Every structure is written in C-alpha cells, then in structure tokens.
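For reference, the chains in residue letters:
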Amino acid sequence: MPDASTPVTELRSAPVPEPGPGDHVRGVHGAPFVVEYADFECPFCAAVHGRLAALAVRTAFRHFPVRSSHPRAWAAACAAEAAGRQGCFWEMHDALFADQGRLDDPHLWSRARTLGLDLDRFEADRRSDEVLDRVRRDFHSGVRAGVVTTPTLFEFSAGSPQRVDPDVFAQRLSPR
Amino acid sequence: MIAAGTPAPDFTLKRADDTDFTRADLEGKTTVLVFYPFAFSPVCTDQLNLYEEVLSDLHARGATMYGVSCDATWSQTAFKESLGVTIEQLSDFEPKGGTCRAFGAYHPEGFPQRALVIVGPDCIVRWSYQAPSPDDLPGANLIFDALDA
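Residues numbered from 1 in each chain as written. Chains lettered and ligands numbered in written order. Predicted model: local features only at pLDDT ≥ 70, side-chain atom pairs only at ≥ 80, totals over all residues.

(A) Fine view of the pairing of strand β3 (residues 30-35) of chain B. Residue and element names in this part refer to chain B. Extensive coverage of β3 is indicated by the burial of five of its six residues. Here five bridges tie β3 to strand β8 (residues 115-119), and the two strands are oriented antiparallel to one another. The residue bridging V34 from the neighbouring strand is L116, located in β8. (Buried ≥ 20, exposed ≤ 12 C-beta atoms within 10 Å, placed from the backbone. Helix = DSSP H or I, 4+ residues; strand = E, 2+ residues; numbered from the N terminus. Pairing = 2+ DSSP bridges.)

Given below as structure tokens:
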C-alpha cells in the first residue's frame, strides 16, 4: 500500500525546463546556451566541465546526483548550493570538480574556508531542507526530462531544447 | 513482449536466499519488474543506480521494484552489494530465461531484453515496455508515466 506519510512527487515525463532565474548560469553572452545535468563526483562531468571552460559557451548547471554511483554526490551538490547562498556557487562548483578525490566533510569545510565563507552558515545551509529541496528540484526536472546518466546536455540556442552529445557540441564551439 | 491487460503468466524466479518468487508474490501489490541483460554491465549499472534514486517515490505510490536477470543469485547479490542498491534481485537462471520467455522479454541471443513490466495487485499486467535496444536505458519518467496514468 502507498505510504501516506511520504509526499508524492510529480515525476511524469515533461520537457526540460527553460533556464530561468532559479538556475545557476554563467558564460559568454550570445554564445550557444547549454543546460547541463551533472554530478560533482562524476569523472565524465569533470572532463566536460574542463572542456567547456575553455570555450565560448553559456551554461546553466543543474544537479543530477546519483548516490549509489557516487556516495558523496548529494553532499557535494548541497555544498555548492550552500556556497551559492553566500554568492559563491560557481567558485564551489569549480573547486569541487578540481579535486573529486576529496569530497568528505572536512574537504568541503576546507573549500568553504578558502572561499572565505561564513562556516557556521555554510554548515547550517548545506544541511537545510531548503538546500536539499533545491537539489531535488533539479534532479526531478532531469528525471522528468528523461535524463538517465551524467553528464547530459540540452542545447537551448535554437528553438526547442535539443539533447546534444558533449563531444559533438564542444567541437562546434569557438575558443573563449 | 507481454501486453497490458494480460494476466501475468505463471513463473518461478529465485530470490537471493534461494527461495522461490512466483506469480503468487505479485498478488495484492503493484510490482515493477526490471528485466536487465547482465549484472555488472555498464548500462545495467546505470539503470539500477538511477532507479534506486527514485525508489522512495515508487514506494510512495505503493509499488515494489525487482531486478530480473538470468545471472545466478550469487552474481546478482554481488552486483547489488557492489552498487550499494537495495532493489531486490530475482534470478531466472534455471531453466535459463524461463520467466523472461513467459513475459516475452527474452533476447534471441540468450539474455533478458531490457524491459519493464508493471503488474497490478490483481496480477494483471498494467504496462510493459521494451527498450529499442539493450543499450538504451529507459528513463524513470516512463515508469511514473505508467504508474500515475
């Protein structure tokens, strides 16, 4: 029987959401726009991150952590969101991808310290329901859009969003 | 592939503890059977990892998910423990593929198709899906489309 204590989340198929104010967006204005579903513990995501960083592209990052593949993926995603609450989402994003072998709590605190974050606030935020819900929102939007693995990229540059192969997409881009 | 509206066939699978899992175990609950080709293969790994992440959402709908393959129970248990997933595994090892054939989910090259079957509490198939190829991973959204229809 259904567990009445568990809220039922809408997970039926839906188009990938348009990038909006709730997204983390950066990159070159006017460049091809891509929404990336990724996981900070995924080595393929780190490789794509490194490749796109050198190219003229505009990116929206969405969380797609899968904990049985990557046990620290949710913690890392929440750390990035907590850093974002102090204006440092992208700095934490880059710091996480730069060293995927160090994602335990002390490593997250160390990054927060290096970025000059308020550690008490960082610690409270990364464990908060609000941050968890923010990560879940991205994950659920990916599930509904049929994302099955990371990294998954959707290009929004022309008309309706198109799923693109990261390598093929990167080959079309100019150097930054 | 078995069609929606069809009564589930009689079948026998083995649980990890070597007890039988049969049609009678489908009665009274909604069951999601995930037929997958091979333990430890890349797409099957991604598939179980992804479905594990939405398992609480399946439970919230009163559904129970099982993985089904022709691997031996020992291999399935090693696979499950290696991934760290909780989805119970059911073995169609001997006679090899007997249950897969009964559900129309047996690949001609001797392994399960990548297929999903939802069976209602009345043992009637509510929905079935076979991936275009074993290399294609069906999104979890397809399962929720069927459960929430």
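(B) Examining unusual backbone geometry more closely. Here the residue pair T150 of chain A and P151 of chain A is connected by a cis peptide bond, since its omega of -5° sits within 30 degrees of zero. Position of P151 of chain A relative to the elements: it lies in the loop between α6 (129-144) and β4 (152-155). In the segment running from E94 of chain B into P95 of chain B, the intervening peptide bond is cis, with an omega of -5°. Tracing the backbone through its elements, the reader meets P95 of chain B in the loop between β5 (88-91) and α4 (98-102). The backbone of D18 of chain B sits at a positive phi, close to 75°, despite the residue not being glycine. Within the fold, D18 of chain B resides in the loop between β1 (12-14) and β2 (20-22).

(C) Summary view of the sheet that holds β4 of chain A. Residue and element names in this part refer to chain A. As summarised here, the arrangement of the five strands in space is β1-β3-β2-β4-β5, forming an open sheet in which the pairing is mixed. At either margin of the open sheet sits one strand with a lone partner, and together these are β1 (24-27) and β5 (162-164). Neighbour-to-neighbour, the strand axes of the sheet open up by a mean angle of 30°, direction not taken into account. Summarising the sheet, β4 and β5 pair through three bridges and their orientation is antiparallel. Note that in β5 the partner of L153 across the bridge is V164. (Axes fitted to C-alpha atoms, helices over the stretch in contact; angles between N-to-C directions.)

(D) Here's a closer look at the interface of chain B and chain A. At the junction of the two partners, chain B supplies 22 residues and chain A supplies 18 residues. Counting residues per element, the ones that place at least two in the side of chain B that touches chain A are α1 (42-53), α2 (55-60) and α5 (140-147) of chain B. The element that contributes the greatest number of residues to the side of chain B that touches chain A is α1 of chain B, accounting for five residues. Taken together, the residues that form the side of chain B that touches chain A break down as eight nonpolar, seven polar and seven charged. (Contact = placed C-beta atoms within 7 Å. Nonpolar A, V, L, I, M, F, W, Y, C, P; charged D, E, K, R; others polar.)

(E) Representation of the nonpolar core. A79 and A83 of chain A together with V32 and V34 of chain B are the most contacted members of the largest nonpolar core, which has 86 residues in total. Considering each element in turn, this core owes the most residues, 10 residues, to helix α2 (residues 73-84) of chain A. Among residues more than four places away in sequence, those in contact with A79 of chain A are M92, L108 and R126 of chain A. (Core = buried A, V, L, I, M, F, W, Y, C linked by C-beta atoms within 7 Å.)

(F) Fine view of helix α5 (residues 119-126) of chain A. Among the residues making up α5 of chain A, those that are buried are F122, D125 and R126 of chain A. Down the axis of α5 of chain A, the sector holding all buried residues measures 90°, keeping them to one side. (Arc of directions from axis to C-beta.)

(G) Just the environment of R67 of chain A, in detail. Here R67 of chain A shows up in the loop between β3 (58-63) and α2. Residue classification places R67 of chain A among the partly exposed positions, given that 17 C-beta atoms sit within 10 Å. The spatial distance from the C-alpha of R67 of chain A to the C-alpha of D39 of chain A is 9.6 Å, given a sequence separation of 28 residues. Once you skip the residues sitting within four places of it in the chain, R67 of chain A turns out to touch A73 and W74 of chain A together with E53 of chain B.

(H) Molecular detail of α6 of chain A. The end-to-end C-alpha distance of α6 of chain A, which contains 16 residues, comes to 22 Å, matching closely the 22 Å that a straight helix rising 1.5 Å per residue would cover. Buried residues belonging to α6 of chain A abut β2 (33-38), β3, α2 and α5 of chain A together with α5 of chain B. Looking one or two places after α6 of chain A, you find G146 of chain A, whose phi comes out positive at around 85°. (Expected span 1.5 Å × (residues − 1).)

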